[in-house]
2 protein chains.
Amino acid sequence: MQPYQPQDMFHPEQFRKEGHALIDLLADYLTDVGQQREVVLSCTAPDEEVEFWKTACFGDNLAYWKTVVARSIHLHHPRYMGHQTAVVANEAALSALVGAVLNNGMAVYEMGAVSTAQEQILVEVLAQALGFGFQAGGFLTSGGTLANLTALLTARAVKTNRDVWEEGMQEPLALLVSEEAHYCVDRAVRIMGWGSAGIIRIPTNSRMQMDTTSLPSAYEEACASGKKVVALVGSAGSTSTGSFDPLNELADFAGKHQLWFHVDGAHGAAVTFSDKYKLLLRGIERADSVVMDFHKLLGTPGLTTALVYRNGADSFRTFAQRADYLLEQTQSPEWFNIGRRTLECTKNMMVLRAYVLYQRYGTTFFAQQVERLHDLAQQFAQLVQGSPDFRLCTQPETNIVCFRYQPDYVPSQNVETLNREIRKRIIESGAFYLVQTQVKKQFWLRLTLMHPETTKEDLKILLLEIQRVASEIGPVHHPSIV
Amino acid sequence: MQPYQPQDMFHPEQFRKEGHALIDLLADYLTDVGQQREVVLSCTAPDEEVEFWKTACFGDNLAYWKTVVARSIHLHHPRYMGHQTAVVANEAALSALVGAVLNNGMAVYEMGAVSTAQEQILVEVLAQALGFGFQAGGFLTSGGTLANLTALLTARAVKTNRDVWEEGMQEPLALLVSEEAHYCVDRAVRIMGWGSAGIIRIPTNSRMQMDTTSLPSAYEEACASGKKVVALVGSAGSTSTGSFDPLNELADFAGKHQLWFHVDGAHGAAVTFSDKYKLLLRGIERADSVVMDFHKLLGTPGLTTALVYRNGADSFRTFAQRADYLLEQTQSPEWFNIGRRTLECTKNMMVLRAYVLYQRYGTTFFAQQVERLHDLAQQFAQLVQGSPDFRLCTQPETNIVCFRYQPDYVPSQNVETLNREIRKRIIESGAFYLVQTQVKKQFWLRLTLMHPETTKEDLKILLLEIQRVASEIGPVHHPSIV
C-alpha cells in the first residue's frame, strides 16, 4: 500500500497522464481481441480468483487495469456469443468516462440538467419508434429488473381497487405472464408481497410464445379464486429463446379485461428501430408500459434501461398516494425532477452513453446494429439446419439461437451430458463463449450474437469446434462424462 | 446525422484517437474548475435545456462531450457544496471507463470473474472495518435505495411468521425508523405492500437522532394493533442533518424484541474507516445489515453501494423460498453467482471504481477523505457560530451543516423567504452550489462538504457572499421577495 497523495488523486495532470496511458492500454486490448489474438475468457475457480486478487500487488494503477482487462471476459472478441450484454461502441464507453468524472446525481434537476434533458429526448425518440403518441413519457433506470418492478408498481397503483401505496395490500393481487418470461417478473411479484399465487404462468406454444388461447381460462380461474388480476405481461422476447409473444392478442385481452399491459422488451424492444424486424413487435404500441435495455442490442454499457409509458402521466403515479396524484394533476408534474418517478434517488448519468450514439447517427446505428445481429442469428440457424449432427431448438426470432449437438448415434439420454461437457471444454479453452439453457425442460446450447464483427466463418468454426471436441470426448458412454 | 460507420464505432484506432482527445478535454476541465475559472453550475430552465439539445448539432463526438461538460454541474469545483455525491478521484473515474469497455454482466460468475472476486474482498474489508466477524458477507448493488430495499426484503424473509416470498403477505407487517430517515425506507415499505401503517416513525431529539425512549411505546402500540414488527432501522446519518442514531441503544431494543436491525449508512457508514470519527457508529457491529455508498464520502462514481450482512448466509435468503434456503444450507451456496442475491440480474462492474482505490492505498484514502470532509464541516460550523448574523441548526456530526442567515433585524416570518432567495441568487450566479432542506418543519440552508480541496477561505467567502446577496435583496419586506 502506498501513502495517500490527495494531490495525485485529484490532480488534473495525474488524470491526464494516467488517462492517456489507459486509453492506449484499452485500444491495444481492443486491437488484440478484435483480431482474436487473445482468448475470449480464462476460466478460473472463484476461490482462486479471490486468492489472486488478495495477494496481487501492483506498481501502479496501469498494472492494475492491465490485469483487470486480461482476467475479465472479453466481449469485444468476435467469438464472444454468450449472455446478451452489449459489445460496447467506442463513443458509448468514452461517454461513461464523462459521466464518471462529472458524477451528476440526477435525483433533482439541478443535479443533472444535461442528463435530465437528454433522457427526456431519448425517451421521446424511443416512444415514437414504438408507435406511442405525443402523450408518452418515461425515464432511464438501473437495469431491466428494476424497470420491470417499477412498471408493475405503476400497474398496481393504477389498477387496484384500493390504494395499496397508502393502505397496503388489501386483496390478493396477481398478474398473467408467459412461463418463458424472465425471472425478474416473478421476483417483482414476490417483492410486492403477492407470493407465488400472484404469478399466473401461461403456457407457451412450440415456438415459446405465449399461447393466448390459455388466457381466458387462466384469468377466469384467478378471478373465481378471489384474485384481483392487475396486469398482463408480454415478453419481447422470452429469456431462453428470444421468442416474441403475440402482443396484439395480448393487447386485445388486456383491453377487454381492463388489465395493465406491460411489455418486458429488455432484450427485444430494440428491434423497433429496424424496419426489417420491427414487425415482431406488432401491438407494442398498445402497451401501457415498455422496458428496453440500451445495454443489450444497442452497443451501450450497462445498466442503461428505458421505461416508457404510453401515457406519460402514469409514470408519476408509481410512488405517490392517489390523493397526491390527483392534486398533482392540477399542478405542474415537475417532470424534470426525475427522482420522483425512478426507484433510485441518486442515479448515474447513464443517458450520456446512449445519447452520444443518437446525437451522431440518429436511430441509424440502432437499426443497423439490430439487423446485423439478427441476420447473423439467421445465418447460424441455417448452418445448424444444414448440419445433420446438429438440432435447432426453434427458428430464431431475435439474435438468440438455441441448438445442440445430437448426432444420430448418441443415445438421447446422453445428449445433455455430452453437450454440457462440450460447452465446458470449449469455454475452458477460451476459444468461444456460449451458454446453456433449459427450454421446456430440455437442455440446449445457447448462442447470442452480440458482436457486429462476428463473421459467418466464426460461426462455421464454432460448429467444427463442437464436432472436434465431441470426438475428443469420445464414446458418449465413457464413464468420465456419463 | 451522419451515416453509420461501424468500422469507426468499433475500431480500436478510433477509440484511441477519440480517447486521447477526451482525456485532454477532461484534464483541462478539471484544471479549470479546480482553479475556479469556471462557474459551479449554469442554471437553465428544464424546457430550455431540452430545446437546446434538440436543436444542437455537433461536428464530432468531442464537441458533444465538451458541451455536456460545460452545461453539467461541476462537482470538482471547490465551491460545490451541494448534495452528497462524490467528487470523483482520478483513478476511480478511469476505472469506470475500464468497466464500460469490458461491460462484464456479473449475474453469473463466468460473466465477471474479476469483479465478483473483488466484490468479495471489498465487502470483507468493509465488514471488518464495521466490526463484523468472519461470517459476514454481502455484495455491491445499484444505489442506496435498492440496497435498503434488498436488506428489508431479507428482514422480511427472516423475521416473519409466514413465508412471504411463497405465500404472499399474510399479516400486517411494519418496521420502526426515525422520522428523519431517508425517504427510501418509506418507499421500500410501500413497495412491499405494507402501506403507510407499515412505517412507524420514531421522533427525534433536538440533534435529530432517534429518541429511543419513544421506542417501547411505539412498539407496544404496533403489536397491540395486530402488526408484526419485523425490523428496526437506524440512520447513520439522517438525511437532512447527517445525525447518527444511537446504534447501541437500537441494537439493545432490536435484540430484546428479536427485530432485524438494519442500518442505513448510505452516507455515514464510511466513517468506519476513520479512527477519529468511527465512534459515531458505536453499535453498528451489532446490526444485521448495513448499507454504505462508496459514491458519497469515498470518491467513487455512482452508483456503487455495498450491502453487508453480519451473517453472510442471510444474504441468500432474500430472494428464496424458505424450503430452497434450507436445501441450500446443505449444499454450496454458490456465493460467486451474485445475481442470486442482488436485485439486479445484469449489474455493471461497479467494484472496479472503488477497488482501484483500495488496492493502491488500503483504507488510508477512505479514512483521510472522511476526516478531511468532516473537519471542513467542523470549521464551517465554527465560522457560522462566530458570525452573529447566522444560525446553526445543530452541531454537525458528519460533513453536512445546516445553517441560515438570520440577522436580528429580519422578522422571523421572513427568514425562510430571505434564505430561499439568497440560495436562488447564489446558485444562479454559479459562484457556489448549496441546497436547502426542512428540519422539524423549519427551513435551513444545507452544505455538504464534498471536495477535499475546499478551503476555509472558500467557506468564509460563502458567508460573505450570503451577506452581500442579502444586502442586495434589500429590505426583507420588499414585495418581490415576500
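Details of the structure are given in the entry above.
Below: a short report on this structure.

## A closer look at the pattern of salt bridges
No. 1: Counted by the stated rule, this structure contains 52 salt bridges over all chains.
No. 2: Between Asp28(A) and Arg16(B) there is a salt bridge whose closest N-O contact spans 2.8 Å. A residue pair is termed interchain when its members come from two chains, as with Asp28(A) in helix H2 (residues 12–34) and Arg16(B) in helix H2 (residues 12–34).
No. 3: With a relative accessible area of 37%, Asp28(A) lands in the partly exposed category.
No. 4: Its salt-bridge partner being Glu119(B), residue Lys347(B) comes within 2.6 Å of it at the nearest N-O pair. Taken together, the residues span a long stretch of sequence, with Lys347(B) in the loop between helix H13 (322–329) and helix H14 (351–361) and Glu119(B) in helix H6 (residues 113–130) at a distance of 228 residues. Both residues of the pair, Lys347(B) and Glu119(B), count as buried.
No. 5: Residues joined by salt bridges that share partners form a network here, namely Glu421(A), Arg425(A), Glu465(A), Arg468(A) and Glu472(A).

## Examining empty space enclosed by the protein
No. 1: For the structure shown, the criterion picks out four cavities of 30 Å³ or more.
No. 2: In this model, the largest cavity occupies a volume close to 210 Å³.
No. 3: Around the largest cavity, the lining comprises 23 residues; the ones closest to its centre are Ala96(A), Arg353(A), Ala96(B), Asn348(B) and Arg353(B).
No. 4: Class assignment for the residues of the lining of the largest cavity results in ten nonpolar, eleven polar and two charged.
No. 5: If you go around the second largest cavity, you meet eleven residues; those closest to its centre are Ala157(A), Asp163(A), Arg317(A), Ala320(A) and Arg322(A).
No. 6: Elements with a contribution of two residues or more to the lining of the second largest cavity: helix H7 (144–159), helix H8 (164–167) and helix H13 (322–329) of chain A.
No. 7: Split into classes, the residues belonging to the lining of the second largest cavity amount to six nonpolar, one polar and four charged.

## Examining the nonpolar core
No. 1: Ranked by size, the top nonpolar core spans 269 residues in total, and within it Leu176(A), Phe403(A), Leu176(B) and Phe403(B) carry the most contacts.
No. 2: The next biggest cluster of nonpolar side chains, apart from the first, holds 67 residues, and it includes Val177(A), Val291(A), Leu175(B) and Leu307(B).

## Focus: the interface of chain A and chain B
No. 1: Contact residues are listed per partner, giving 141 residues for chain A and 141 residues for chain B.
No. 2: The interface formed by chain A and chain B holds ten salt bridges in total.
No. 3: In terms of residue count, H2(A) provides more of the side of chain A that touches chain B than any other element does, 17 residues in total.
No. 4: Among the residues making up the side of chain A that touches chain B, the classes are represented as 75 nonpolar, 41 polar and 25 charged.

## Regarding the sheet that holds strand E5 (residues 260–264) of chain B
Residue and element names in this part refer to chain B.
No. 1: Read across the open sheet, the seven strands follow the order E1-E7-E6-E5-E4-E2-E3; overall the sheet is mixed. The sheet is open, and its two edges are formed by strand E1 (137–141) and strand E3 (199–202), each paired on a single side. The average undirected angle you get between the axes of adjacent strands in this sheet is 20 degrees.
No. 2: The sheet contacts of H6 involve E1, strand E6 (289–293) and strand E7 (305–309), and relative to E1 the element is tilted by about 115 degrees.
No. 3: Those strands touched by helix H11 (residues 247–256) are strand E2 (173–178), strand E4 (228–235) and E5, and its axis lies near 170 degrees from that of E4.

## Remarks on the environment of Thr305(A)
Residue and element names in this part refer to chain A.
No. 1: Among the secondary structure elements, Thr305 is positioned in strand E7 (residues 305–309).
No. 2: Separated by 190 residues in the primary sequence, Thr305 and Ser115 place their C-alpha atoms 14 Å from one another.
No. 3: In terms of polar contacts, Thr305 uses its side chain to reach the backbone amide nitrogen of Gly144, at 3.3 Å.
No. 4: At a separation of 2.5 Å, a polar atom in the side chain of Thr305 contacts the side chain of Asp293.

## Brief notes about the relation of the copies chain A and chain B
No. 1: Once turned by 180 degrees and shifted 0.0 Å along the axis, chain A lies on chain B with an RMSD of 0.0 Å. The transformation relating the two chain copies, once decomposed into turn and shift, fits a two-fold axis. Closest approach to the rotation axis within chain A is made by the C-alpha atom of Met192(A), at a distance of 2.1 Å.
No. 2: In this assembly, 100% of the residues forming the interface of chain A have copies in chain B that are likewise at the interface, indicating an isologous arrangement.

## Points about the packing of aromatic side chains
No. 1: Inspection of every chain in the model, using the stated rule, returns 42 aromatic pairs over all chains.
No. 2: Look at Phe390(A) and Tyr405(A): their rings are 5.3 Å apart centre to centre, the planes differ by 65 degrees, and that puts the pair in the edge-to-face class. Here Phe390(A) is found in strand E8 (residues 390–392), whereas its partner Tyr405(A) is found in strand E9 (residues 400–405), with 15 residues between them in sequence.
No. 3: Counting every residue linked through ring pairs, the aromatic cluster contains Phe52(A), Trp53(A), Phe58(A), Tyr64(A), Tyr355(B) and Tyr358(B).
No. 4: Stacked on the ring of Phe319(B), the Lys or Arg Arg187(A) has its end atom at 4.0 Å from the ring centre.
No. 5: Against the face of Phe52(B) rests Arg71(B), its NZ or CZ located 3.6 Å from the ring centre.

What counts, and where the lines are drawn
Residues numbered from 1 in each chain as written. Chains lettered and ligands numbered in written order. Predicted model: local features only at pLDDT ≥ 70, side-chain atom pairs only at ≥ 80, totals over all residues. Heavy atoms only, no water. Salt bridge = Lys/Arg side-chain N within 4 Å of Asp/Glu carboxyl O. Helix = DSSP H or I, 4+ residues; strand = E, 2+ residues; numbered from the N terminus. Buried < 20%, exposed > 50% of the residue type's maximum accessible area, 1.4 Å probe, protein only. 1 Å grid on protein atoms, 1.4 Å probe; cavity = no way out; pocket = protein on both sides within 12 Å on 5 of 7 lines; lining within 4 Å. Points joined across faces, edges and corners; volume = space filled by probe spheres on them. Nonpolar A, V, L, I, M, F, W, Y, C, P; charged D, E, K, R; others polar. Core = buried A, V, L, I, M, F, W, Y, C linked by side-chain atoms within 4.5 Å. Contact = heavy atoms within 4.5 Å. Pairing = 2+ DSSP bridges. Axes fitted to C-alpha atoms, helices over the stretch in contact; angles between N-to-C directions. Polar contact = N/O pair within 3.5 Å; in protein donor to acceptor, adjacent residues only side chain to side chain. Least-squares fit on C-alpha atoms with pLDDT ≥ 70 in both. Phe/Tyr/Trp six-rings, centres within 6.5 Å; stacked < 30°, edge-to-face > 60°. Lys NZ or Arg CZ within 6 Å of the ring centre and 35° of its normal.

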